Amino acid sequence: MTNQPTRKNIIPESLVPRLGEQLVEMGLITAEQLSQSLGYQHQCGERGRQIPLGQAIMELGFLDRPTLDQAVAEQILRLRSALEDANHNLELRVQQRTLELEEALRRLSDSNKLKSNFIANISHELRTPLTHIRGYLDLLNAGTFGEMNPDQKKAVSLSLQGSLRLQSLIDDLILFSQSQRGQMTLSIGPVDLNKLARNMQIRYKKRAAENQLTIDIKVDPNIPTVQADEEKISWVIAQLLSNAIKFNKPGGKISLMMMRDRATNNMVNVYVADTGIGISQDQIKEIFEPFVQIDGSSTRRYGGTGLGLALVLQIIEAHGSIINVKSEVDKGTTVSFPLLITKGE
Ligand SMILES: Nc1ncnc2c1ncn2[C@@H]1O[C@H](COP(=O)(O)OP(=O)(O)O)[C@@H](O)[C@H]1O
Ligand SMILES: [Mg+2]
């Protein structure tokens, strides 16, 4: 047995901290009587008889039971009211912190809104002059203003390429700011995947060849149409193919495959695969964050903003679908997602 209250021997006095000093403060015993009582309690303890301090005080005749009980009860009431005050203060502090956090959240979302408004405005402002630049470059390139010598032709062709890159960058930024503001709308309809795949082949054949890559397209000629936003899904596949080209190695391969899902039979799986540099397992999640780019050297070499996959994810999720990445460093990457087949096909 010890002086410490256990579950079994909890008595009211054990709930009052520093009971002896409290009794002195209340003027019920003197400091001298307290030290005598403590001494007596200690002696009893040494003889194997553990007693509470109150008991020692009573045995020495300094206080009777009713006075002691009354004093203990008063102290417990005081403690309870102090505890209630503390609780109340705590509640007030929690309320205040909650208000502060709400305010911080509101400011954050305001500043996010400002940021995406800024991106939207600046992108639109950039788009207008760029349209003029491209228009005139197209006319020059087509020889509308007269024949050009080979140097002039080369200069115009390079400027045209640059302006195309700028345009696609601005388009990405506009799409990103729309998706940030929850303004991404889909116009869903039946999409002919064979046509889409042919367009992709035309669009990427040259770039793949320039990077010494072969591009392989596999789509079942009888593939059913899927329910999707044609423009946005084309954009997604274009982004994935562009990554497959960017993060590849000379002599490598990229493929676009679309096939009916055998398990469910109501979906088509779209795969974009490459034999490139790959992504390590722990980095796979990060690449879908806006502005994240892993390999500094290849992104510097090929450009990009790190926005592509963040938007790809938003678009695929807006379709109610999910995106899947399988990758092995130095072996290659396969990104895939399912799309719902149009009913009745
Ligand atoms: N097919 C891929 N193979 C290897 N790494 C990739 C591939 N696709 C994306 N990544 C990595 O993910 C990052 C983010 O991709 P993305 O959002 O398209 O941005 P960006 O193409 O502008 O760099 C890339 O910078 C690259 O590090
Ligand atoms: Mg990209």
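### Regarding the domain arrangement of the chain
For step 1, the next point in the chain: Structurally, the chain comprises domain 1 (117-180) and domain 2 (189-340).
For step 2, the next point in the chain: Placing the centre of domain 1 and that of domain 2 at their C-alpha centroids yields a distance of 25 Å.
For step 3, the next point in the chain: Contact residues are listed per partner, giving 8 residues for domain 1 and 12 residues for domain 2.
For step 4, the next point in the chain: With both chains or domains summed, domain 1 and domain 2 bury close to 810 Å², and 71% of this area falls on carbon and sulfur atoms.
For step 5, the next point in the chain: Of all residues in domain 1, Asp172, Leu175 and Phe176 bury the most surface against domain 2, accounting for 61% of the area lost on that side.
For step 6, the next point in the chain: Viewed at the interface, domain 2 and domain 1 are joined by 0 salt bridges.
For step 7, the next point in the chain: Summed over the shared surface of domain 1 and domain 2, the number is 1 residue pair in polar contact (both at pLDDT 80 or more).
For step 8, the next point in the chain: Broken down by class, the residue content of the side of domain 1 that touches domain 2 amounts to 4 nonpolar, 2 polar and 2 charged.

### A closer look at the site of ligand 1
For step 1, the next point in the chain: Contacts to ligand 1 come from 20 residues, most closely from Lys246, Asp274, Gln293, Gly306 and Leu309.
For step 2, the next point in the chain: At a separation of 2.6 Å, an oxygen atom of ligand 1 approaches a polar side-chain atom of Gln293.
For step 3, the next point in the chain: Between ligand 1 and Gly306 there is a distance of 2.7 Å, counted from an oxygen atom to a backbone nitrogen or oxygen.
For step 4, the next point in the chain: Burial of ligand 1 by the protein chains amounts to 96% of its free accessible area of 540 Å².
For step 5, the next point in the chain: Every element with two or more residues in the shell around ligand 1 is listed here: helix H7 (230-246) and helix H10 (308-318).

### Examining the packing of aromatic side chains
For step 1, the next point in the chain: All told, the structure shown has 1 aromatic pair when counted by the stated rule.
For step 2, the next point in the chain: Measuring from centroid to centroid gives 5.5 Å for Phe176 and Phe291, while their planes differ by 75 degrees, and the two rings are edge-to-face. Taken together, the residues span a long stretch of sequence, with Phe176 in helix H5 (residues 150-180) and Phe291 in the loop between helix H8 (281-284) and helix H9 (296-302) at a distance of 115 residues.
For step 3, the next point in the chain: Note on Phe291: relative accessible area 48%, which makes it partly exposed.

### Some thoughts on the sheet that holds strand S7 (residues 332-340)
For step 1, the next point in the chain: Taken in spatial order, the 5 strands make up an open sheet running S2-S4-S5-S7-S6, and their pairing is mixed. On the outer flanks of this sheet lie strand S2 (214-219) and strand S6 (324-328), each paired with one strand and no other. Ignoring which end each strand starts from, the neighbouring axes of this sheet average 10 degrees apart.
For step 2, the next point in the chain: Of the strand pairs in this sheet, strand S5 (residues 267-274) and S7 are connected by 8 bridges, and their pairing is antiparallel. The residue of S7 that forms the bridge with Ala273 is Thr334.
For step 3, the next point in the chain: Against the sheet, helix H6 (residues 193-210) touches S2, strand S4 (253-260) and S5, its axis set at about 175 degrees to S2.

### Quick look at H10
For step 1, the next point in the chain: Within H10, burial applies to Gly308, Leu309, Ala310, Leu311, Val312, Ile315 and Ile316.
For step 2, the next point in the chain: Tucked into the core, H10 has its buried residues touching H5, H7 and S7.
For step 3, the next point in the chain: Of the residues one or two after H10, Gly320 is the one with positive phi, at around 75 degrees.

### Overview of the pairing of S5
For step 1, the next point in the chain: Counting buried residues along S5, 6 of its 8 residues qualify, which places the element largely inside the surrounding structure.
For step 2, the next point in the chain: Counting the residues that bridge the hairpin from S4 to S5 gives 6 residues, and of these Asn265 lies at a positive phi of roughly 65 degrees.

### Structural notes on the pairing of S4
For step 1, the next point in the chain: Inspection of the sheet shows S2 paired to S4 by 6 bridges, in the parallel sense. Considered in S4, the bridge of Lys218 is made with Met257.
For step 2, the next point in the chain: Pairing analysis gives 7 bridges linking S4 to S5, with the strands arranged antiparallel. Each bridged residue has a counterpart across the sheet, and for Met258 the counterpart in S5 is Val270.

Reading the values: rules and limits
Residues numbered from 1 in each chain as written. Chains lettered and ligands numbered in written order. Predicted model: local features only at pLDDT ≥ 70, side-chain atom pairs only at ≥ 80, totals over all residues. Heavy atoms only, no water. Domains from an automatic or database assignment. Contact = heavy atoms within 4.5 Å. Buried area = accessible area lost by both parts, 1.4 Å probe. Salt bridge = Lys/Arg side-chain N within 4 Å of Asp/Glu carboxyl O. Polar contact = N/O pair within 3.5 Å; in protein donor to acceptor, adjacent residues only side chain to side chain. Nonpolar A, V, L, I, M, F, W, Y, C, P; charged D, E, K, R; others polar. Near = heavy atom within 4 Å. Areas by Shrake-Rupley, 256 points an atom, 1.4 Å probe, with all protein chains shown as cover. Helix = DSSP H or I, 4+ residues; strand = E, 2+ residues; numbered from the N terminus. Phe/Tyr/Trp six-rings, centres within 6.5 Å; stacked < 30°, edge-to-face > 60°. Buried < 20%, exposed > 50% of the residue type's maximum accessible area, 1.4 Å probe, protein only. Pairing = 2+ DSSP bridges. Axes fitted to C-alpha atoms, helices over the stretch in contact; angles between N-to-C directions.

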